[in-house]
Structures are given as structure tokens and as C-alpha cells.
Amino acid sequence: MLSRHACRTLTALSLVIVSSIIVVLIGLSFTLTARTAMADGPHVDVMQLNAEIGPASLRFLTRAINTAESDGAQALVIEIDSPGGDLASMKSMTEAELNSTVPLISYVSPTGGYAASASAFVALAAPIAVMAPTTRIGASSPILSTGADIGSTLKAKLENDLVASITSMQKRFGRNSDVVTKMVTDAASFDDATAVNLGIVNFEAVNLNDLLGKVSGHSAILSSGLVTLHTSGVGVQTIEPSLFDSLYTFLLDPNVIFLLFIVAMIGIYLEISHPGAILPGTVGGIALLLFLFAIGSLTPNWAGLALMLLAFVLLVFDLRVPTHGILTVGAIVSLIFGALLFFNSGGPFAGPQVNPVVVYVMAGVIGLMSFTLITLIVRAQRKPVSTGVEGMIGATATALTPLLPEGRVNYGGEDWAAVLDDPATSVDAGSEVRIVAIEGLRLYVEPIRRPLPVDIPAPLSLE
């Protein structure tokens, strides 16, 4: 067992590490704010889709459409500047757009922005598609989440499905359906001028006011029928992420999810190694629940999660089995491979990936903590026993009665029966004795011989 001082030191160190990670998470979450600028009277709603396509952006778009449908907006403008994302979220987003009862206007902006890969589908799923100057749209060929090509058979299936999807959308809204397929088959990308000239999008607009003026009077095809837009001169209401949307987006970041797993791992590991600390176990339990909530929205490789859990099991066993850190090394390797496999190999439908540097640093932190704990345990095991019966051997007691050779002594504030180890000797009351053996409730002692003082003659001097 560890000494109290060692336990306090380790607990303090672990709490500093866990607290630092939590502070980083909270600090990052506060970088996401939620604001809504309200407009009176006839208005259009505007939202910005400037993140990767994923479960969080799906939730935000769905909420924005519901808001526009319920607040009487003339239309919802979706400003897009996104590199794309996972196909599963894209499919759900395009379905929400195609079934919207309020006219949607996708606007690839600001100047220099782009709607690439999956976000190009989101842009073209709107009844009216507009681009700002020097923006791009396209490059929508399916690839793995790592950026590598996928197998030919799977790629052909995905391309055929995506071509059918984008062709049907373009035909529905009366836009060019022939050229747009090259976005999928040839990874083609088009600038704003080319996209307008080829009929891929409807208009080019330099800003939001220009857009609202150009689309006013234009007809939008909805699932319920044809609707004429009246957007010129109306107010603008900005829909931005709510606090929950921001936290949801934050929690779905693979780096944050991985840090939540690390916090859970450290907290539960410390609670097991030092039962009764309570705080590490509580923090670890909360982090574990948040981790499980977050991974429900991902498309992970579950073999990677098994390796991550194996890393935790190996760390716990290294506390109980005298392997002197060998299992910790295995745990670090398992954690690194497991995390990279879990987050970074989800296939073509996967979204963002975890930063390998974060994985390496956190694996190093876990290894450092484990080796520190193992070192403290080994030192505690090698330290001479200072409690119990073994700890009494060699200790000093005081004779309460003369020992002739039996009598009574005081040890640790308690009255003990004692007998001299050498029956031929005797000890006066008040003398100090040393415990040499214990038999039941009787102490065997020996007198402590103090060296006699030696008189040193004073130096001679001449007067």
C-alpha cells in the first residue's frame, strides 16, 4: 500500500492533470457563442454553414429550417463555406432541404469561400443556388476519411448513387444536370462565373442585399408546389447556434471526444488505485457518460474502442500484478493504435479525425502517471514495516516495574507484560528496554545499555 503522503501527492498530481484537461475543454467551448439578431415584420432568416458537414451541422440546419418555417420567414438563406464532411450527414441534410416548406436559398460565400465535396450537395439541394464572386463549388468524389481512394467496387457504387442524387436535384430545380455529374465522377470544381454560365447555379451575388434583390420575384419549387419569393427590402434575422448547438458541436470534435475518454480513464484509474478519493471517480464517470453520448453520433471503428478499453484494463492489472511497468507499455501501445483506429478509419462515411499529436501526448501523460504510481507502490513495498507486530520489533519501551526478569512496560501508551530475554539480568523501573520478540501479549525485551560518560582531564597550563 502507498503511504498517505504518496497518495496525497499522486492524487494532487492527477487532479492537476484532469483539471487542466477540463479547463482546456471549457475554454474551447466558450469560443463558440450563440447570438440571434431579430427582425420585425417581413423578413428572411439567414444561417451560416461554415463548419464540416457532420451531425452537429445537420442539427443546426434542421433547427434553422424549423425556425424559418415557424416564424413566417419569406425564405431561409444558407451561407455555405465548408470543405465537406461525411456522407451520412450530407444525405440527411439534403433530405431536410428537399422537404422544407419554406423556400431555401444556398449562398456560397464569402468571397473566396467554397462549397466542396459534401457541402456542394447541400448547396445544390436548395431550390435556389447562388454564389459570391471568386467562390468555388464541386470536387465531390467519394474518398476515405483519410483522403485516400476507396476500392473500385465500392467507389463505383457510391459514385452511381451520388450521380443519381445530384442529377435528380438539378432536374427538379431546372438546372444543368449533365455537367454537374463531373463533380462526382471527375472531382470537377467550378468557379462562380463558370457555374452560372453552365447553369449549375442560378445567380451570382456580391453580397446578401444583392442576393435578396436578384431572387425577389423568382419562383422556388418546394415539395408543396411553386412559391414566388418577395425578398427585396425585407429585414434579415440571423439564426446562429444556440448554446446547446455550440456545446454539441464542441463535444463532437474527435479531439474533444478523445480527451473525454482520457479524463474518464484517468479518473476511474485513480479511483481504483486509491479508493475513497471520490473526486477522480466522479469526474471520470461524468467524462465517460459524455464520451458515450458523443460517439453515438460518429461512425467509428469499434475494434479501436476495444483496444482503448484494453489499454485501461492493462493499466489496472499493472497495479495488482508485479510486472514492473511491462503492462503499462502494452497499454500505451494499445491506446495509441486503438485511438487512431477508432477515430481515423471509419471509411467513406466518416467525418473529422483525431489529431495524432493529441493521441501521442495523452498516451505519454497516461504512461507517466502509471509509471509514477508503480514506482511509489514498489518503494512502499520495499520500505521496512513500521506498523503491526513486525513494526514493534526493535522499538523502545519503558519499564513500569522492575523486571526480575518479569514485570510491566509501557509501549505506545499501553501497559504490556514483559520478560527479559536474558533471565540472568534485571532492569530497574523507569529504565528503557528494547523489544526483541513478541509472544501473544507478552513482550521479550533487553536492557538498553547507555555508554558511560568518559571524563576528559582538563589540559595542563602554566601560570
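Structural data are supplied above this passage.
The sections below set out a description of the structure shown in this document.

Reading the values: the criteria
- Residues numbered from 1 in each chain as written.
- Predicted model: local features only at pLDDT ≥ 70, side-chain atom pairs only at ≥ 80, totals over all residues.
- Heavy atoms only, no water.
- Helix = DSSP H or I, 4+ residues; strand = E, 2+ residues; numbered from the N terminus.
- Buried < 20%, exposed > 50% of the residue type's maximum accessible area, 1.4 Å probe, protein only.
- Contact = heavy atoms within 4.5 Å.
- Areas by Shrake-Rupley, 256 points an atom, 1.4 Å probe, with all protein chains shown as cover.
- Core = buried A, V, L, I, M, F, W, Y, C linked by side-chain atoms within 4.5 Å.
- Pairing = 2+ DSSP bridges.
- Axes fitted to C-alpha atoms, helices over the stretch in contact; angles between N-to-C directions.
- Parallel < 35°, antiparallel > 145°, perpendicular 65-115°, else oblique.
- Nonpolar A, V, L, I, M, F, W, Y, C, P; charged D, E, K, R; others polar.

Some details on the overall build of the chain
Along the chain, the regular secondary structure elements total 15 helices and 16 strands. Within the chain, the fraction of its 463 residues that count as buried is 43%. Restricting the contact set of the chain to residue pairs at least 6 apart, pairs at least 24 apart contribute 70%. Accessible area for the chain stands at about 22,700 Å²; split by element, carbon and sulfur atoms hold 61% of it.

Remarks on the environment of Ala193
On the secondary structure map, Ala193 appears in helix H7 (residues 192-197). The class of Ala193 is partly exposed, set by a relative accessible area of 38%. Separated by 58 residues in sequence, Ala193 and Thr135 place their C-alpha atoms 8.9 Å apart.

Notes on the nonpolar core
In terms of nonpolar packing, the biggest core is built from 45 residues, with Leu76, Leu124, Ile137 and Ile200 touching the most fellow members. By residue number, the principal contributor to this core is helix H4 (residues 118-124), which donates six residues. Dropping the residues within four chain positions of it, Leu124 is found in contact with Ala129, Ile137, Ile166, Met169, Gln170, Phe173, Arg175, Val180, Met183, Ile200 and Val201. Counting 44 residues, the second-largest nonpolar core is a separate cluster that includes Phe250, Val283, Leu305 and Leu314.

Notes on the sheet that holds strand S7 (residues 189-191)
With respect to topology, three strands assemble into an open sheet ordered S4-S6-S7, the strand pairing being mixed. The open sheet is flanked by strand S4 (114-116) and S7, the only strands paired with a single partner. For this sheet, the mean inter-axis angle between neighbouring strands, taken without regard to orientation, is 20°. Pairing of S4 with strand S6 (residues 136-138) involves three bridges; the strand directions are parallel. Bridged to Tyr114 within S6 is Arg136.

Side note on the packing of helix H2 (residues 55-70) against helix H3 (residues 87-98)
Where H2 meets H3, the axes come as close as 9 Å, and the angle between the chain directions of the two elements is 5°. Classified by the angle between their axes, H2 and H3 sit roughly parallel to one another. On H3, the residues that touch Pro55, Ser57, Leu58, Leu61 and Ile65 of H2 are Ser89, Ser92, Met93, Ala96 and Glu97. Considering only residue class, the contact of H2 with H3 consists of six nonpolar, three polar and one charged.

A short note on the pairing of strand S14 (residues 414-420)
Taken together, the six bridges between strand S13 (residues 406-411) and S14 define a ladder with antiparallel strand orientation. Among the inter-strand pairings, Gly407 is bridged to a residue of S14, identified as Ala418. Across four bridges, S14 lies against strand S16 (residues 442-447) in parallel orientation. When the bridges of S16 are listed, Ala417 appears paired with Arg442.

A look at the pairing of strand S12 (residues 396-399)
In the case of a regular strand, side chains alternate between the two sheet surfaces. Covered by surrounding structure in S12 are Ala397 and Ala399 only, the residues Thr396 and Thr398 on the alternate face being uncovered. Here S12 pairs with S13 via two bridges, running antiparallel. The residue bridging Ala399 from the neighbouring strand is Val409, located in S13. Between S12 and S13, which pair antiparallel and follow one another directly, the connecting turn spans six residues.

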